[in-house]
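A closer look at the structure
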Amino acid sequence: MPLYRWDDNGLQAVPSATFEVEGIQEADLQRLLRDQPEALEEGLFVIAEEYSNWQGSGRSIDLLALDGEGNLVVIELKRTQTGDHSELQAIRYAAMVANMTLEQAIEAHRGYLVRRGREEDARIQVLDHLRVADESDAELHAERPRIILASAGFSTELTTSVLWLRDGGMDISCVRLRLYQSGDGMLLDTSQIIPLPEASDYLVKIREREFVERNQRRKGQLTPGAEAFKETISASPVESQAMLVRLHEWATSLENEGLCRLATYFGTGVSEGETSLLMRLEPEKAGLVCFYNYQGKTRTYSGNARIQFFRSVFERRAPNSISAVESHISPKQIGQGNWIGDISVALLDALTDAYREANGLLPTTPPPDSGPGSPPPVEC
């Protein structure tokens with residue numbers, strides 16, 4: 001659709017242009033967008049340009065950024081009308097940076113600033129963007145990097161691939177770049193076409209409805225393993241998916257280590273539609289913790305990951321780990337059935353040690369005598 005200038009004579013069409021005819025290269029686009037990434041998405045912060053800190057590949061990421069929620073974002077730029085298979089390139093790059101740590105992100109930004117001759121402190125800039133003052137409070141979500149494809153146009157094959165990837169839970173979007181002539185200068189219009197901004201909420205509601213309907217048929221069921229829990233993640237809001245993926249991968253790693261048995265439970269009652277991932281200890285049907293993915297009709301906690309603690313199991317199986325776990329939660333109390341949503345890497349590390357203690361891999365002291373009338377362990 002053309003762009004119009006409105007003046008006293010009415011609407012005047014602004015002549016369109018192409019990057020090729022105007023001699024604008026992808027390097028020019030990269031230079032402009034690195035300094036004003038908000039043209040692609042509000043809240044983006046570029047940490048690196050032409051990032052290629054890996055062996056065995058001569059390719060590099062056009063722009064590597066963080067969004068407003070601390071998610072790693074791979075940005076691939078093209079000036080063509082087809083996008084030139086940029087989705088395939090971006091997927092490779094996303095896989096290559098999926099294990100990036102906060103320290104690696106800071107180091108990448110430090111190199112970026114040095115190459116540009118800027119003297120800012122990379123660490124302070126990254127932490128400021130994450131809105132924290134201390135690294136221990138910083139949350140960098142790199143497990144499933146987001147992808148932004150920006151191009152003058154996109155082929156049918158590319159958009160079909162992107163829509164299919166989004167259906168599979170990948171956060172990938174397409175931004176169309178349109179160039180117009182304006183006097184002695186040029187105008188650049190950036191429009192997100194996948195997903196359409198006005199359709200995003202609608203699509204989320206569709207996924208939630210499908211999720212709830214499927215769970216209605218399965219509510220009350222207990223399914224061995226964590227695959228059923230993993231299936232629920234794609235129906236969650238995008239901002240919650242990185243945390244849910246992290247929890248699923250962490251729990252799976254403990255099961256692979258032989259520290260617990262996983263099972264997925266589809267909830268009933270007031271939190272209809274919630275799904276919990278149980279992390280049971282042998283030989284009983286109880287665990288130190290379990291995780292929840294709240295979805296469906298109950299909107300209070302919709303889409304949020306929650307971790308629930310079972311103190312009686314801690315006291316019996318991992319008493320020495322209680323203080324270490326409590327040092328990473330607020331309020332600092334592992335209560336029977338208490339839950340929190342602030343789940344850090346340090347907390348998961350402490351819980352890993354707790355599960356190792358519960359399996360006899362770390363020293364354990366006898367639990368204190370809780371006396372008669374103590375409540376029995378709660379099954380988790």
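Residues numbered from 1 in each chain as written. Predicted model: local features only at pLDDT ≥ 70, side-chain atom pairs only at ≥ 80, totals over all residues. Heavy atoms only, no water.

This paragraph deals with the overall build of the protein chain. Secondary structure summary: the protein chain contains 11 helices and 15 strands in total. The buried share of the protein chain, taken over its 380 residues, is 48%. Sequence-distant contacts in the protein chain: of pairs separated by 6 or more residues, those separated by 24 or more amount to 61%. Accessible surface, the protein chain as shown: approximately 19,300 Å² in total, 50% of it carbon and sulfur. (Helix = DSSP H or I, 4+ residues; strand = E, 2+ residues; numbered from the N terminus. Buried < 20%, exposed > 50% of the residue type's maximum accessible area, 1.4 Å probe, protein only. Contact = heavy atoms within 4.5 Å. Areas by Shrake-Rupley, 256 points an atom, 1.4 Å probe, with all protein chains shown as cover.)

Our next topic: the sheet that holds strand S10 (residues 222-224). Judged by pairing direction, the sheet is antiparallel, and its six strands sit side by side in the order S10-S11-S12-S13-S14-S15 without closing on themselves. Strand pairing shows two members of the sheet lacking a second neighbour, S10 and strand S15 (339-340), which therefore form its edges. As paired elements, strand S12 (residues 275-280) and strand S13 (residues 289-293) share four bridges and run antiparallel to each other. Following the sheet pairing, Leu-277 is matched in S13 by Phe-291. Most of the contacts of helix H11 (residues 345-358) go to S13, to which it runs at about 140°, and overall it touches S12, S13, strand S14 (305-309) and S15. (Pairing = 2+ DSSP bridges. Axes fitted to C-alpha atoms, helices over the stretch in contact; angles between N-to-C directions.)

The next thing to look at is the pairing of S12. Here S12 lies mainly inside the structure; six of its six residues are buried. Where burial is concerned, the two faces of S12 agree: the one with Thr-275, Leu-277 and Met-279 and the one with Ser-276, Leu-278 and Arg-280 are both buried. Where strand S11 (residues 261-266) and S12 come together, six bridges link them in antiparallel fashion. Within the sheet, the bridge partner assigned to Tyr-265 lies in S12 and is Ser-276.

The residue Gln-30 is located in helix H1 (residues 26-35) in this model. Residue Gln-30 is classed as buried on the basis of its relative accessible area, which comes to 7%. A polar side-chain atom of Gln-30 sits 3.0 Å from a polar atom in the side chain of Glu-49. Within polar-contact distance, the side chain of Gln-30 engages the side chain of Glu-50 at 3.0 Å. (Polar contact = N/O pair within 3.5 Å; in protein donor to acceptor, adjacent residues only side chain to side chain.)

Attention now goes to the confidence of the model for the protein chain. Averaged over all residues, the pLDDT of the protein chain equals 84, while 82% of them reach at least 70. Across residues 296-303, where pLDDT falls below 50, the model places 20 contacts with residues more than four positions away in sequence or in other chains. (pLDDT = per-residue confidence, 0-100.)

Where helix H3 (residues 102-115) meets helix H4 (residues 122-129), the axes come as close as 8 Å, and the angle between the chain directions of the two elements is 120°. Here H3 is positioned oblique relative to H4, judged by the angle of their axes. With respect to the hand of their crossing, H3 and H4 are arranged in right-handed fashion. Two secondary-structure elements touch here, H3 through Leu-102, Glu-103, Ile-106, His-109, Arg-110 and Leu-113 and H4 through Ala-122, Arg-123, Gln-125, Val-126 and Leu-127. Along the lines of polarity and charge, the residues of the contact of H3 with H4 split into six nonpolar, two polar and three charged. (Parallel < 35°, antiparallel > 145°, perpendicular 65-115°, else oblique. Left-handed = near helix turned anticlockwise from the far one by under 90°. Nonpolar A, V, L, I, M, F, W, Y, C, P; charged D, E, K, R; others polar.)

What follows covers the pairing of S14. Of all five residues in S14, five are buried; the element is thus mostly enclosed. Going residue by residue along S14, you find Ala-305, Ile-307 and Phe-309 tucked away on one face and Arg-306 and Gln-308 tucked away on the opposite face as well. For S13 and S14, the ladder comprises five bridges, and the chain directions are antiparallel. Counted as the bridge partner of Cys-290 is Gln-308 from S14. Here two bridges tie S14 to S15, and the two strands are oriented antiparallel to one another.

This part takes up unusual backbone geometry. Cis geometry is found at the peptide bond from Ile-194 to Pro-195, where omega equals -10°. Mapped onto the elements, Pro-195 comes out in the loop between strand S9 (185-194) and helix H6 (197-218). That bond from Glu-282 to Pro-283 is cis: its omega, 5°, falls within 30 degrees of zero. Positionally, Pro-283 belongs in the loop between S12 and S13.

On to H11. The terminal C-alpha atoms of H11, which comprises 14 residues, lie 20 Å apart, in line with the 20 Å expected from a rise of 1.5 Å per residue. Of the residues trailing H11, Gly-360 is marked for its positive phi of about 80°. (Expected span 1.5 Å × (residues − 1).)

Moving on: the packing of helix H2 (residues 86-96) against helix H5 (residues 156-167). One way to put it is that H2 packs onto H5 with a least axis distance of 9 Å and a crossing angle of 40°. On the basis of the axis angle, H2 is oblique to H5. Each of Ser-86, Glu-87 and Ile-91 in H2 lies in contact with H5, whose residues at this interface are Leu-158, Ser-161, Val-162 and Leu-165.

Before going further, it helps to examine H4. Taken as a whole, H4 has its buried residues at Ala-122, Gln-125, Val-126, Leu-127 and His-129. Where H4 is buried, its residues contact strand S4 (45-51), strand S5 (61-66) and H3. Here H4 starts with a cap whose side-chain oxygen sits 2.9 Å from the backbone nitrogen of Arg-123, and that cap is Asp-121. Two residues or fewer past H4, Arg-131 is found with a positive phi of approximately 60°.

Here we take up a nonpolar patch on the surface. On the surface, a cluster of nonpolar side chains totalling about 450 Å² of accessible area is made up of Tyr-4, Trp-6 and Leu-11. Topologically, Leu-11 is positioned in strand S2 (residues 10-14). (Patch = residues over 30% accessible without salt bridge, like charges linked within 9 Å, V, L, I, M, F, W, Y side chains within 5 Å. Salt bridge = Lys/Arg side-chain N within 4 Å of Asp/Glu carboxyl O.)

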